[in-house]
Amino acid sequence: MGRRLLALALGGALLTACAQFRAPGSDECYLVQEAPAPMFHVGFVTPASAGATVSLEPWVFLSAPAVRMDELLPGTFKAQVNTETREILVTGRVKRSVVNPQANCAIPAIAVVPEAATLSLPVVLTATGTYTVRIASESFTTNRPPAQPRPDVPARTYPEPAATRSLVID
């Protein structure tokens, strides 16, 4: 009985000490926020046929501001079509972790190479003509990941940054 009581007392003291010390990887060290998705390009096949589904593919620059990579929030990505102005506005958001300034955490200085991610936004356009596909101003970035982040990784090809592109519908 005495050993069990001693073990419980030591376990409680250890738990209290662990609760007061925040490990660098703990969730208390980071704040999770939604932010505009930093897009550098929207890909699509042009010309496209009227009435057919066009797949818009935003290219998103994912960084790791607090050693945790940004995550796409797919449900927030939209292609808002304005048929009067013939403009398509692409918007979206990411989940980003940043260092919590209120926490007393020692965050390691680890360099994380940015990545790119894409997803498909299906759009059906029935009116023929030329549409301007535009990335929302709060999201457009000229940043894109390095083509070859390390010598042991094969080189990747990323499209050039472009805030707007023309989509022709025949």
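Residues numbered from 1 in each chain as written. Predicted model: local features only at pLDDT ≥ 70, side-chain atom pairs only at ≥ 80, totals over all residues. Heavy atoms only, no water.

1. Points about the nonpolar core
- Ranked by size, the top nonpolar core spans 24 residues in total, and within it Leu56 and Leu167 carry the most contacts.
- At the level of elements, strand E2 (39–43), strand E3 (53–62), strand E6 (87–91), strand E9 (121–124), strand E10 (129–135) and strand E11 (164–169) are the ones that each hand at least two residues to this core.
- Among the elements that take part in this core, E3 stands out by supplying 4 residues, more than any other.
- Setting aside its immediate chain neighbours within four residues, leucine 56 contacts Val42, Gly43, Phe44, Ala79, Ile88, Val90, Leu119, Ser120, Leu121 and Val123.
- If you look at the next biggest cluster of nonpolar residues, it comprises 5 residues, including Cys29, Tyr30, Ala66 and Ala103. (Core = buried A, V, L, I, M, F, W, Y, C linked by side-chain atoms within 4.5 Å. Buried < 20%, exposed > 50% of the residue type's maximum accessible area, 1.4 Å probe, protein only. Helix = DSSP H or I, 4+ residues; strand = E, 2+ residues; numbered from the N terminus. Contact = heavy atoms within 4.5 Å.)

2. Some words on the state of the cysteines
- All chains considered together, the criterion is met by 1 disulfide.
- Each sulfur of the disulfide joining cysteine 29 and cysteine 105 lies 2.0 Å from the other. Judged by the sign of its S-S torsion, about -85°, the cystine formed by cysteine 29 and cysteine 105 is left-handed. One end of the pair, cysteine 29, is in the loop between helix H1 (2–20) and strand E1 (30–36); the other, cysteine 105, is in the loop between strand E7 (93–99) and strand E8 (115–118), and 76 residues separate them in sequence. (Disulfide = S-S within 2.5 Å.)

3. Considering the sheet that holds E10
- Reading across from one edge, E5-E6-E10-E11 is the order of the 4 strands in this open sheet, with mixed pairing throughout. Looking at which strands have only one partner, the edges of the open sheet turn out to be strand E5 (78–82) and E11. Within the sheet, the average angular offset between the axes of one strand and its neighbour, ignoring direction, is 25°.
- Across 6 bridges, E10 lies against E11 in antiparallel orientation. Its bridge partner being in E11, threonine 132 is matched across the sheet by serine 166. (Pairing = 2+ DSSP bridges. Axes fitted to C-alpha atoms, helices over the stretch in contact; angles between N-to-C directions.)

4. Details of the packing of aromatic side chains
- Inspection of the entire model under this criterion finds 3 aromatic pairs.
- Taking the centre distance of 6.1 Å and the plane angle of 50° together, the rings of phenylalanine 40 and tryptophan 59 count as tilted. Of this pair, phenylalanine 40 sits in strand E2 while tryptophan 59 sits in strand E3, and the two are 19 residues apart along the sequence.
- According to the relative accessible area criterion, phenylalanine 40 is buried, its value standing at 0%. (Phe/Tyr/Trp six-rings, centres within 6.5 Å; stacked < 30°, edge-to-face > 60°.)

5. Considerations on unusual backbone geometry
- In this structure, proline 47 follows threonine 46 across a cis peptide bond, with omega equal to 0°.
- Within the secondary structure, proline 47 is located in the loop between E2 and E3.
- A positive phi angle, near 55°, is found at arginine 86, a position not held by glycine.
- Locating arginine 86 in the fold gives a position in the loop between E5 and E6.
- Classification of arginine 86 by relative accessible area gives partly exposed; the value is 28%.

6. A short note on the side chain of histidine 41
- With respect to the secondary-structure elements, histidine 41 resides in strand E2.
- There is a polar contact of 3.0 Å between the side chain of histidine 41 and the backbone oxygen of glutamate 160. (Polar contact = N/O pair within 3.5 Å; in protein donor to acceptor, adjacent residues only side chain to side chain.)

7. Remarks on the sheet that holds E1
- Spatially, E1-E7-E4 is the arrangement adopted by the 3 strands of the open sheet, whose pairing is antiparallel. Looking along the sheet, the strands with just one partner apiece sit at the ends: E1 and strand E4 (71–72).
- For E4 and E7, the ladder comprises 2 bridges, and the chain directions are antiparallel. Across the sheet, the residue bridging to leucine 72 is valine 94, located in E7.

8. A look at the pairing of E3
- Summarising the sheet, E2 and E3 pair through 4 bridges and their orientation is antiparallel. Across the sheet, valine 42 pairs through a bridge with proline 58, a residue of E3.
- As defined by bridge partners, E3 adjoins E9 across 4 bridges and the pair is classed as antiparallel. Following the sheet pairing, threonine 53 is matched in E9 by valine 124.
- With 4 bridges connecting them, E3 and E8 associate as antiparallel partners. What sits directly across from tryptophan 59, in E8, is threonine 118.

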